[in-house]
Amino acid sequence: MPSEQVDFAVIGGGPAGAAAALTLRRHAPQKRVVLLEAGRHEKPKPGEILPAVAQGLLRQLDVWTPFTAEAFVRSRAVVSAWGDEAPDERHSMFSAQGAGWQLDRARFDRLLVQSARAAGTEVRIGSAVRSAVREDRAWRLGLADGEIVAGAVIWATGRNWRLARSFGAKLRVHSHLVAYTRFFDRAPGDCRMVVEARPEGWWYSADLPDQCRVVSCLTDPDLGGELRQSKHWYRALAATRFIAPLVPPDARETARLVKAAGTATVDQAAGERWVAAGDTLFTADPLSSRGIVHALRSGILAAYVASDMIDGRDELARRRYAMIAAQGFADYVPALAARYAAAARWDTAFWNRRRPQLESRAANHAVSSTSYVQDRSQA
Ligand SMILES: Cc1cc2nc3c(=O)[nH]c(=O)nc-3n(C[C@H](O)[C@H](O)[C@H](O)COP(=O)(O)OP(=O)(O)OC[C@H]3O[C@@H](n4cnc5c(N)ncnc54)[C@H](O)[C@@H]3O)c2cc1C
């Protein structure tokens, strides 16, 4: 089997992997960077709301100009029927950071990967990493058509944790949630995202470029099984007050997806010559709208950690990164719990079980993450 030697391998071409590759190329231009992406960025993907705070990261990655050329929908306002039935509208004009964006995610991910390629990354599309085996100061990655031996690896495979065992990491699931999502075309909008709490969970919708629209219902896996079937999904949609009117009668359903959307972390942010980034490191509830920003930010940081690893500053870099990751998670937990608490106005399974479960499990995790950091510093 042919085998190639590279300095850095980035596994996964989502926002985290692309941000890592872009940063590595900028920070260490003499090093060889390969990005391995299993898919082709052709299928619709949920995760459309990009908060305005992303602007600084896109500038840092030097992709701001191509990003603005894509003319994604500028997010005018967020409307939420959350704490009560009266909709609350927050106009972006009153936000310190201004308006965010409503993206076509496949197009956004493609743009980032194309930018990474233009910056000198060797991009392999349709190239899934099937195995990772530790060698002396390197990782041997197995692909369908060969092997890559990398001095350091950035693990950014999103919610696919199949390589966890190879890296010696463990997945911790803090809360379960599933998103039953459908995409439509011929469904123009007015640049607003709408969120509506319902007895079974919560819904969101946003208009996307080219008169498309995403509509998603998020609930617990054991409560939402029947939402896989169209008749149940459309019946539940019809019962919403603010989401249903956004789908006009002649809108055409173009795609449907069922995706895990709960909160999960890995027990180690980095290990021997590998570092996790994006959802692989910490996957957030979509209610927080922080997934893409976290992916970009952690991708950038992971690139510096990987670079330190091959420059012999392994231990310190890993410790700092673990500390930052643990802090990000500790901040997220109370903020999310407060958001759910604000909408708990039904005596239903979804609302009764969610808050205490997330709070207690997350508190345990915050303690164990901190002790991991302390253990490493004492070593
Ligand atoms: C329903 C839903 C709604 C959401 N809404 C929002 C939102 O509004 N705003 C927001 O910011 N976030 C949102 N998110 C979260 C956001 O989509 C993610 O946080 C973000 O995509 C994470 O980026 P990533 O690069 O870590 O992972 P991903 O985007 O998942 O990218 C990982 C990549 O790795 C590739 N891959 C996987 N395994 C392998 C392998 N073995 N070899 C090679 N490649 C591999 C995959 O094909 C994929 O392209 C939402 C998520 C869900 C489920």
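Bear in mind that the values here come from a model prediction, so they are computed numbers and not experimental data.

A.B. asks: Can you help me understand the sheet that holds strand S4 (residues 73-74) in this one?
C.D. replies: Within a beta sheet, neighbouring strands are joined by backbone hydrogen bonds and run either parallel or antiparallel to one another. Strand order in the open sheet formed by 3 strands is S3-S7-S4, and the pairing between neighbours is antiparallel. Whereas interior strands pair on both sides, the edge strands pair on one side only; in this sheet they are strand S3 (49-50) and S4. Bridge count between S4 and strand S7 (residues 101-102): 2 bridges; the pairing is antiparallel. Its bridge partner lying in S7, Val-73 is registered against Gln-102.

A.B. asks: Which parts of the structure should I look at to understand helix H4 (residues 105-118)?
C.D. replies: One turn of the α-helix equals 3.6 residues, which is why residues spaced by three or four share an orientation. Along its 14 residues, H4 runs 20 Å from first to last C-alpha, staying within 8% of the 20 Å computed at 1.5 Å per residue. When you tally the buried positions in H4, you get 10 out of 14 residues, the bulk of the element. Every buried residue of H4 is listed here: Arg-105, Ala-106, Arg-107, Phe-108, Asp-109, Leu-111, Leu-112, Val-113, Ser-115 and Ala-116. If you check the start of H4, you find a side-chain oxygen 3.2 Å away from the backbone N of Ala-106, and it comes from Asp-104.

A.B. asks: I would appreciate a short explanation of the packing of aromatic side chains in the present structure.
C.D. replies: The relative placement of two aromatic rings is captured by the distance of their centres and the angle of their planes. For the structure shown, the criterion picks out 24 aromatic pairs. When the ring of Phe-282 is compared with that of Tyr-332, the centres are 4.9 Å apart and the planes differ by 75°; the resulting orientation is edge-to-face. Placement of the pair is Phe-282 in strand S21 (residues 282-283) and Tyr-332 in helix H9 (residues 314-343), with a sequence separation of 50 residues. Phe-282 sits in the buried class, given a relative accessible area of 5%. The exposure class of Tyr-332 is buried, given its relative accessible area of 1%. Pairwise contacts between aromatic rings join Trp-82, Trp-202, Tyr-204, Tyr-340, Trp-346, Phe-350 and Trp-351 into one cluster.

Reading the values: the criteria
Residues numbered from 1 in each chain as written. Predicted model: local features only at pLDDT ≥ 70, side-chain atom pairs only at ≥ 80, totals over all residues. Heavy atoms only, no water. Pairing = 2+ DSSP bridges. Helix = DSSP H or I, 4+ residues; strand = E, 2+ residues; numbered from the N terminus. Expected span 1.5 Å × (residues − 1). Buried < 20%, exposed > 50% of the residue type's maximum accessible area, 1.4 Å probe, protein only. Polar contact = N/O pair within 3.5 Å; in protein donor to acceptor, adjacent residues only side chain to side chain. Phe/Tyr/Trp six-rings, centres within 6.5 Å; stacked < 30°, edge-to-face > 60°.

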